[in-house]
Amino acid sequence: MVRGLRYAFTAMLAVALLAMAVPTGAAQNDQVVTVHVVGRSPIQGANASASQRAAVADSLVTAVTTVLTDLIPPQTAVNNFQAISEAVLANTDQFVVDYKMLAESNTGKEHRVMVKVNVSVARLTLALNNAGIPVSQKQYPRILYCIAERWVGDTDFRYWWSEQPADSFASTEDAIAGAFKEKGFRSVPPASGSIPGLPAELSSAQAVTLGRQLEADVVVVGQASAREATNTMGATLRSFSGTVSVRAYSVGSGREIAQTQRVFVTTADNPVDGSREALDQAARLAGEDLTKQVSRAWFAQGAGASEVEIHVAGISGNVASFVRFRGALSSISGVDSVQRREIQQDTAVMAVSYQGNVKALADAMLRLRFDTFGLNIQEVEGNRIRLQLVPNQSRQ
């Protein structure tokens, strides 16, 4: 029981970086989640290395448990705990891709370590499925890219759906598509000919309609523009700035699920090289950001559900209250899943898959009742809710 409580506490310290990274040596489609966890071990006499190893081993179990609880609902874990214990918890090292100890401390009675752990979601999912515990597997979406580009010296944007397509393009679409391909997403080839009537900057309705016509699941649209920037590095160098602004739409729901803008400044001898390098690097940054957002939106949501980002302030010194709030949030009708996105000193960010609109979720949260604390909802905007845990004055 004490060990279980300790796991619950250390799991609260995990910072789940939901970007799916594929480390060197991992299988091409092996999804990996990185978590930062705290491991503990009683001091084992004068043998400091043994205490450290035991603390690291504890952190690895916590890391796998943290990822596991985000893969399956709590009740599923309870109902299948014996099978989970045999298939997963008894062999946690099989699911750890690699790890790195970041810090350690010795209190005299307890050795503590903070460890960065990469956990294989693919291996964990396979073990659960083999144990008869199904994990919902949603296929990676097919993505259509519609990004108009303009280099230094161009009078107008160039884009593949134009009635007057250019002979060549910068690498903006290739760079962003490459970022998605690394994560396992699939691409939809553009139409072979022009599409009359569509402008360089597609509206959401135009993007979704085009996505349906080409049988895409997600459409990434936007603009990439290069310009000559102010030179601050000497008269012999020319500076060029590339700006990439993109957003993604779900073809099924028609709603925006991601958006980002990235800028990169470089130097070059001529506008062609400057435009290409500035846009390529800005696109790589935009691609990294967009893949994270699309992954969260696509894989977190159930049918008809939307992802709501909840920022919870006031958790410092109130971890127990936060745990209770998270549990109550999971019990709200329409909530499909609650995932930790990150936890800092006083603030936690969670991604909630909810069957309804954001205001309805905020109203349902206000109806929750707790003995020792309450909720102060500070902002409801877009797909984001900001709130604070406040002590119940009547209990003070």
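The residue numbering used here restarts from 1 in each chain and proceeds along that chain's sequence as written. Residues qualify for local features only when their pLDDT is at least 70, as the model is predicted, and side-chain atom pairs are given and counted only at 80 or more; totals for whole chains, interfaces and linings, by contrast, use all residues. Side-chain descriptors were evaluated using all non-hydrogen atoms of the structure, hydrogens and water having been removed beforehand.

**Points about the overall build of the protein**
Counting its secondary structure elements, the protein contains 10 helices and 14 strands. Among the 396 residues that make up the protein, the fraction classed as buried is 46%. Note on contacts: a residue pair is in contact if any heavy atoms of the two residues lie within 4.5 Å. Put simply, 65% of the contacts in the protein that link residues at least 6 apart link residues at least 24 apart. Carbon and sulfur atoms make up 49% of the accessible area of the protein, which totals about 19600 Å². Counting from the N terminus, the helices are the DSSP runs of H or I reaching at least four residues and the strands are the DSSP runs of E reaching at least two. A simple rule labels every residue: compare its accessible area, found with a 1.4 Å probe on the protein chains alone, to the largest value its type can have, and call it buried under 20%, exposed over 50%, or partly exposed in between. Computed by Shrake-Rupley with a 1.4 Å probe, the accessible areas treat only the displayed protein chains as cover when residues are assessed.

**Describing the side chain of S250**
You can see S250 is positioned in strand β8 (residues 238-250). For S250, a relative accessible area of 5% translates into the label buried. Setting aside residues no more than four positions away along its own chain, S250 makes contact with V208, D217, R255, I257 and W298.

**What about the sheet that holds β8?**
Whether two strands pair depends on DSSP finding at least two bridges between them. Here five strands make up an open sheet; going across it, the order is β6-β5-β7-β8-β9 and the pairing mixed. Edge positions in the open sheet fall to β6 (186-187) and β9 (256-268), since each of these has one partner strand only. Summarising the sheet, strand β5 (residues 142-150) and strand β7 (residues 218-229) pair through eight bridges and their orientation is parallel. Across the sheet, the residue bridging to C146 is V221, located in β7.

**Considering the packing of aromatic side chains**
Only centres within 6.5 Å qualify two rings of Phe, Tyr or Trp (six-membered ring in Trp) as a pair; their planes then separate them into stacked at under 30 degrees, edge-to-face at over 60, and tilted for everything else. Summed over the entire model, instances satisfying the criterion amount to five aromatic pairs. Each ring, one from W160 and one from W161, has its centre 5.3 Å from the other, and the planes form 80 degrees; the classification is edge-to-face. Residue W160 is classed as buried on the basis of its relative accessible area of 12%. For W161, a relative accessible area of 0% gives the class buried. Ring geometry for F370 and F373: centres 4.3 Å apart, planes at 15 degrees, overall stacked. An aromatic cluster of at least three residues, connected via ring pairs, comprises Y145, F180 and F185. Sitting over the ring of W151, R158 keeps its end group 4.6 Å from the ring centre. Each ring is checked for a lysine NZ or an arginine CZ that lies within 6 Å of its centre and within 35 degrees of its normal; such an atom marks a charge sitting over the ring.

**Looking at the nonpolar core**
Among the buried residues, those of types Ala, Val, Leu, Ile, Met, Phe, Trp, Tyr and Cys that are joined through side-chain atoms within 4.5 Å form a nonpolar core. Of all hydrophobic cores here, the largest spans 28 residues; its most connected members are I310, F325, L329, L361 and M365. Ranked by the residues each element gives to this core, the list is headed by helix α10 (residues 358-366), at five residues. Other than its neighbours up to four places away in sequence, L361 contacts V308, I310, L329, I332, V335, V352, Y354 and I385. Core analysis: the next-biggest nonpolar cluster, separate from the first, contains 27 residues, I147, V244, L290 and A297 among them.

**Re the confidence of the model for the protein**
Of all residues in the protein, 83% attain a pLDDT of 70 or more, and the chain-wide mean is 80. Of all helices and strands in the protein, the one with the weakest mean pLDDT is strand β1 (residues 17-21) (30), whereas β7 scores best (94). Scored from 0 to 100, pLDDT reflects the predictor's confidence in each residue. Across residues 1-29, confidence stays below pLDDT 50; counting only partners more than four residues off in sequence or on other chains, it has 60 contacts.

**Focus on the environment of E215**
Looking at the secondary structure, you find E215 in the loop between α7 (204-213) and β7. For E215, a relative accessible area of 59% translates into the label exposed. Put simply, E215 and L144 are 71 residues apart on the chain and 8.8 Å apart in space, counted from C-alpha to C-alpha. Sequence-distant contacts of E215, that is, excluding residues within four places in its chain, are made with R142 and V188.

**Section: the pairing of strand β12 (residues 347-354)**
With respect to burial, β12 is a largely interior element, seven of its eight residues being buried. Relative to β12, strand β10 (residues 306-313) runs antiparallel, the two sharing eight bridges. Considered in β12, the bridge of I310 is made with M350.

**Comments concerning the environment of Q293**
Mapped onto the fold, Q293 is located in helix α8 (residues 271-300). Judged by its relative accessible area of 16%, Q293 falls in the buried class. Separated by 33 residues in the primary sequence, Q293 and T260 have C-alpha atoms spaced 9.2 Å apart. Apart from the residues within four sequence positions on either side, Q293 is in contact with I257, A258, Q259 and T260.

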